[in-house]
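# Breakdown of the fold
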Amino acid sequence: MPRGRYSLHDPHDHTPLGEEHFHCATGPSGWRYVSQITTPSGDPAGSVDLAIDDLGRPIRLQLQAGDWQVRGGALEGVTWVRTDATGEHASEGNVRAHAFTGTSPAFYVAVSRLLRLSLGTGATRIRLVAFTSPVLAPLTVDQTWALRGRTAHATDNGPLEVDEYEVSALDTGERHTIHIAGDVVLAAPGIELEDLETPPSSFA
């Protein structure tokens, strides 16, 4: 069960945004990721609880940021309920999308599991619903993902395969690179892996 800490920063000006303390685990029915997010000063800032099935579909999502909370899952696309602390501004949503995304590294792992890309197959288009702090407002985004490389790194526990993905936003044309080993993101825009207590888990 990988357990560790990511540092979060603005991908454009590198302003520190805090840290995400996480643990995750694979199982016969899928994968689960749980984390607590803190501000640069160490105060609680939110949480992530994401579970996907063995095909990579989001069977349960719970996000919390400030006074806002989102609960969602795969249902006729993706469906969610977004509420504030009082419940007065609750709203439901549904989009014909494949999965969710956001600033947490969990979403990169989940999308990579959903797509199951192979080297040399070109880019694959995917539609996602994004939730970002501070108010977790939903935004539908279209991206393309391509697996550009796979490199084996020697470790004390044997070879560690690192996948390099190129992700493009179709609305802006912006491209960025994500490095994933098993169920851990090693590096991505705004994300750096700072500490990992146990090696990444491998998916079957």
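About the thresholds
Throughout this document, residue positions are counted from 1 along each chain, in the order its sequence is written. Local features in a predicted model are, by the rule used here, given only for residues with pLDDT of at least 70; side-chain atom pairs are given and counted only at 80 or more, and totals for whole chains, interfaces and linings are based on all residues. Side-chain metrics in this entry use all non-hydrogen atoms of the structure; hydrogen atoms and water are not considered. Where helices and strands are cited, they refer to DSSP runs of H or I of at least four residues and of E of at least two residues respectively, numbered from the N terminus. In what follows, residue pairs with any heavy atoms lying within 4.5 Å of each other are defined as contacts. Only protein chains enter the accessibility calculation, which uses a 1.4 Å probe; a residue whose area is less than 20% of its type maximum is buried, one above 50% is exposed, and one in between is partly exposed. Working definition of a nonpolar core: buried Ala, Val, Leu, Ile, Met, Phe, Trp, Tyr and Cys residues. They are joined through side-chain atoms within 4.5 Å. When DSSP locates at least two bridges between a pair of strands, those strands are taken to pair. Points on a 1 Å grid, built from protein atoms alone, make a cavity when a 1.4 Å probe fits but cannot get out and make a pocket when they are open with protein on both sides within 12 Å along at least 5 of 7 lines; residues with an atom within 4 Å of a point are the lining residues. Grid points are joined across faces, edges and corners, and a volume is the space filled by probe spheres set on the points. For this classification, Asp, Glu, Lys and Arg are treated as charged, while Ala, Val, Leu, Ile, Met, Phe, Trp, Tyr, Cys and Pro are nonpolar and the rest, including Gly, are polar. Just to be clear on terms, a salt bridge is a Lys or Arg side-chain nitrogen sitting within 4 Å of an Asp or Glu carboxyl oxygen.

Glancing now at the overall build of the protein chain. For the protein chain, the helix and strand inventory stands at one helix and 15 strands. Considering only contacts in the protein chain between residues 6 or more positions apart, those separated by 24 or more positions represent 38%.

Burial analysis of helix α1 (residues 105-115) places ten of its eleven residues in the buried class, the great majority of the element. Buried residues of α1: P105, A106, F107, Y108, V109, A110, V111, S112, R113 and L115, and no others. Looking at the residues trailing α1, positive phi occurs at R116, about 50°.

Bringing the nonpolar core into the picture now. With 45 residues, the main nonpolar core has F131, W145 and I178 as its most contacted residues. If you tally residues by element for this core, the top one is α1, at seven residues.

Extensive coverage of strand β1 (residues 3-9) is indicated by the burial of five of its seven residues. One ladder, built from seven bridges, connects β1 with strand β2 (residues 16-27); its direction is antiparallel. Note on β2: the bridge partner recorded for R3 is H23. From the end of β1 to the start of β2, which pair antiparallel, there are six residues, and H14 there has a positive phi angle of about 65°.

With that settled, consider the environment of G182. Turning to its location among the elements, G182 is positioned in the loop between β13 (175-181) and β14 (184-188). Between the C-alpha atoms of G182 and S35, which are 147 residues apart in sequence, the distance is 17 Å. Other than its neighbours up to four places away in sequence, G182 contacts V109, E161, P200, S201 and F203.

Let's shift gears to empty space enclosed by the protein. Vacant regions in the atomic arrangement are exposed by a probe of water-molecule size rolled over the atoms. Applying the stated criterion across every chain, the model contains one cavity of 30 Å³ or more. Estimates place the volume of the largest cavity at around 40 Å³. Contributing to the lining of the largest cavity are L50, I52, G56, P58, A99, F100, F107 and A110. Residue assignment for the lining of the largest cavity shows that the elements contributing at least two residues are β4 (44-53), β9 (99-102) and α1. Residues that form the lining of the largest cavity fall into these classes: seven nonpolar, one polar and no charged.

This part takes up the pattern of salt bridges. Tallied over the full model, the rule gives nine salt bridges. Among the ionic pairs, R32 bridges to D49, the shortest N-O distance being 2.6 Å. Placement of R32 in strand β3 (residues 30-38) and of D49 in strand β4 is noted, with a sequence separation of 17 residues between them. Overall, the relative accessible area of 41% leaves R32 in the partly exposed class. Residue classification places D49 among the buried positions, given a relative accessible area of 12%. For E166, the salt bridge is made with R148, and the minimal N-O distance between the two is 3.2 Å. Separated by 18 residues along the polypeptide, E166 in strand β12 (residues 160-169) and R148 in strand β11 (residues 137-153) bring together distant segments of the chain. By relative accessible area, which is 47% here, R148 ends up partly exposed. Several salt bridges converge on common partners, so that one network encompasses R32, D49 and R60.

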